[in-house]
Amino acid sequence: MKILRIEAIPYSIPYTHPLKFASGEVTDAEHVLVRIHTDEGLIGEADAPPRPYTYGETQDSIVSIIEKVFAPQLIGLDPFDRGKVHEVMARTIHNQVAKGAVDIALWDLLGKSLATPVHKLLGGYTDSMRVSHMLGFRPAQELLDEALRFGEEYGITTFKLKVGRRPLSLDIEACHVLRAGLGDDVELYLDANRGWSANEAMEVLRRTEGLGLTALEEPCDAKEAMSRRRLVEKSPIPIVGDESVPTAGDVSRELLSGGSNAICIKTARSGFTEATEILGLCTGLGVDVTMGNQIDTQVGSLATVTFGAAHEATTRRAGELSNFLDMADDLLAEPIRINGGRISVRNVPGVGAAIDEDKLARYRSN
Ligand code: MUC
Ligand code: MG
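Residues numbered from 1 in each chain as written. Chains lettered and ligands numbered in written order. Predicted model: local features only at pLDDT ≥ 70, side-chain atom pairs only at ≥ 80, totals over all residues. Heavy atoms only, no water.

Comments concerning the overall build of the chain
Phase 1: The number of helices and strands found in the chain is 13 helices and twelve strands.
Phase 2: For 366 residues, the compact-globule formula gives about 21 Å, and the C-alpha radius of gyration of the chain, at 20 Å, lands near that figure.
Phase 3: Its C-alpha atoms give the chain principal-axis dimensions of about 60 × 40 × 35 Å.
Phase 4: Scored against the burial criterion, the 366 residues of the chain give a buried share of 60%.
Phase 5: In the chain, of all internal contacts separated by at least 6 residues, the share reaching a separation of at least 24 is 73%.
Phase 6: Surface summary for the chain: the accessible area is close to 14,000 Å², and the carbon and sulfur share equals 49%.
Phase 7: Within the chain, the 53 negative side-chain charges are centred at a point lying 3 Å from the centre of the 39 positive side-chain charges. (Helix = DSSP H or I, 4+ residues; strand = E, 2+ residues; numbered from the N terminus. Rg over C-alpha atoms; globule rule 2.2 N^0.38 Å. Buried < 20%, exposed > 50% of the residue type's maximum accessible area, 1.4 Å probe, protein only. Contact = heavy atoms within 4.5 Å. Areas by Shrake-Rupley, 256 points an atom, 1.4 Å probe, with all protein chains shown as cover. Lys, Arg positive; Asp, Glu negative; His and termini not counted. Charge placed at Lys NZ, Arg CZ, Asp CG, Glu CD.)

Written out as structure tokens, the structure is:
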């Protein structure tokens, strides 16, 4: 089998409930659908969500790097030769989301070619994941109402609260209101997207003591190495690296330097191949992982659950899989359902993210 053509299709779908967090806001999913065509008529697909405020990539940069830089070098290669594909992509630094989508589209092709679901190729541990829902910046009472609604409607019992605001009391109040309103059995953890200094994060941990928070993600910029290390040493809960660790090399640097003691894996920026390397590093070192969400569509969320459900270590914690609920529409032909707080993998060849062509025609920008 040979790669014949690679498409990078920009599209835009609005959000009904924009997500706001310390490093940015998403009002429209301005993503790129990547399609790898082969000489055997198979097509591998994946979604690329640009996050300029996190990794510097834009919708235009993803289209350009894939069509102008990667595609000319990848056409003619066998999609099974992922080592060769990665060698080509590694010649360009950064561009993690573009590379991740190419990698997932390749795995989709492998699954389709072998008539096997990709979650089985990756590990086949189980067939569903518990869902954690992400709560963006809102007044405390609205956050509680949203969490209660998601609990009732979808059976979700784990929530990640976006924090990193100033004054700190805004987020501290939200934590107290959520815990009081949700009770002790609901899991709550925080993500500051680098919004605070390490000392501010320490103060928040002091003022939320006793609330049973289970983790704090990217409290401050990991490049502020000395204060971040001090925070990791003193924190009673794991300090999770997310945007500081898009690659396996970043993970080893942050873990070895003491900048994080838990790791968020996102297939959108690591693909399945580098996510597997990251997972191996973490399990080898005894470091907890979470399956994160890069504010993914249903196509992206299906990729996350495909990887997450494939391994035991990624299913210990709930995966962040529900941001798509805040979108007005999606490209996925068969919508994802959340039942009893869980999302299932698809037992069809590939990742199972069949695209609704009418919707793609409606939302594509070129
Ligand atoms: C997260 O976990 O940080 C916000 C920006 C991004 O790239 O992902 C989200 C969620
Ligand atoms: Mg995060």
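Having seen it, we continue.
Description of the site of ligand 1
Phase 1: Inspection of the region around ligand 1 gives 14 residues, with K160, K162, D191, N193 and K266 positioned closest.
Phase 2: At 2.8 Å, a side-chain N or O of K160 approaches an oxygen atom of ligand 1.
Phase 3: In isolation ligand 1 has 280 Å² of accessible area, and contact with the protein removes 99% of it.
Phase 4: Class assignment for the residues of the shell around ligand 1 results in three nonpolar, four polar and seven charged.
Phase 5: Summarising the domain contributions, the shell around ligand 1 has at least three residues from each of domain 1 (3-115) and domain 2 (120-344). (Near = heavy atom within 4 Å. Polar contact = N/O pair within 3.5 Å; in protein donor to acceptor, adjacent residues only side chain to side chain. Nonpolar A, V, L, I, M, F, W, Y, C, P; charged D, E, K, R; others polar. Domains from an automatic or database assignment.)

So, the coordination of the magnesium ion (ligand 2)
Geometry reference: four tetrahedral donors at a metal, ideal angle 109.5 degrees. Six octahedral donors, ideal angles 90 or 180 degrees.
Phase 1: Surrounding the magnesium ion (ligand 2) are the protein donor atoms D191 (OD), E217 (OE) and D242 (OD), at 2.0 to 2.1 Å.
Phase 2: Between the donor residues of the magnesium ion (ligand 2), the gaps in sequence give the motif D-x25-E-x24-D. Separated by 26 residues along the polypeptide, D191 in strand β6 (residues 187-191) and E217 in strand β7 (residues 216-217) bring together distant segments of the chain. Considered together, D191 and E217 belong to a single accessibility category, that of buried residues. (Donors = N, O, S within 2.8 Å, 3.2 Å for Na, K, Ca; no water.)

Looking at the packing of helix α6 (residues 140-154) against helix α7 (residues 169-182)
Phase 1: Two numbers describe how α6 lies on α7: the axes approach to 9 Å, and their chain directions differ by 35 degrees. The way α6 lies across α7 gives a crossing that is right-handed. Mapping the contact onto sequence places A140, L143, L144, A147 and L148 in α6 and E173, A174, V177, L178, G181 and L182 in α7.
Phase 2: For the contact of α6 with α7, the class distribution of residues is nine nonpolar, one polar and one charged. (Axes fitted to C-alpha atoms, helices over the stretch in contact; angles between N-to-C directions. Left-handed = near helix turned anticlockwise from the far one by under 90°.)

Focus on helix α8 (residues 198-207)
Phase 1: For α8, the set of buried residues is A198, E200, A201, M202, V204 and L205.
Phase 2: Looking at the packing, one finds that the buried side of α8 touches α7, β7 and α9 (225-234).

A closer look at the domain arrangement of the chain
Phase 1: We note that the domain assignment places domain 1 (3-115) and domain 2 (120-344) within the chain.
Phase 2: Just the C-alpha atoms count here: the centres of domain 1 and domain 2 sit 23 Å apart.
Phase 3: The interface of domain 1 with domain 2 comprises 33 residues on the first partner and 42 residues on the second.
Phase 4: A combined buried area of about 2,900 Å² lies between domain 1 and domain 2, and 67% of that area is made up of carbon and sulfur atoms. (Buried area = accessible area lost by both parts, 1.4 Å probe.)

Points about the pattern of salt bridges
Phase 1: One pass over the full model with this rule turns up 24 salt bridges.
Phase 2: Where R35 meets E357, a salt bridge forms, and the shortest distance between an N and an O atom there is 2.6 Å. Here R35, found in strand β2 (residues 24-38), pairs with E357, found in helix α13 (residues 357-363); they are 322 residues apart in sequence, far enough to count as distant.
Phase 3: Accessibility expressed as a relative area gives 8% for R35, which makes it buried.
Phase 4: Its relative accessible area of 44% is what places E357 among the partly exposed residues.
Phase 5: Here R228 ties to E218 by a salt bridge, and the two come within 2.9 Å at their closest N and O atoms. Remark: E218 occurs in the loop between β7 and α9 and R228 occurs in helix α9; sequence separation between them is ten residues.
Phase 6: Assessed through its relative accessible area of 0%, R228 is described here as buried.
Phase 7: When salt bridges with common partners are traced through the structure, they connect K160, K162, D191, E217 and E320 into a single cluster. (Salt bridge = Lys/Arg side-chain N within 4 Å of Asp/Glu carboxyl O.)

Regarding the UniProt feature "domain: Mandelate racemase/muconate lactonizing enzyme C-terminal" (unreviewed entry) in the chain
Phase 1: Sequence positions flagged by UniProt for "domain: Mandelate racemase/muconate lactonizing enzyme C-terminal" (unreviewed entry) are, in local numbering, residues 140-238.
Phase 2: The span residues 140-238 is 49% helical and 12% strand by assignment, and the distance between its end C-alpha atoms comes to 24 Å. (UniProt positions renumbered as here; feature names shortened; annotations may be inferred.)

Some remarks on helix α3 (residues 82-90)
Phase 1: Residues of α3 that are buried: V85, V88 and M89. Burial along α3 is one-sided: seen end-on, the buried residues are contained in an arc of 95 degrees. What points out from α3, more than 90 degrees from its buried face, is the exposed set G83, E87 and A90.
Phase 2: On the buried face of α3, the contacting elements are α2 (59-74) and α4 (96-114). (Arc of directions from axis to C-beta.)

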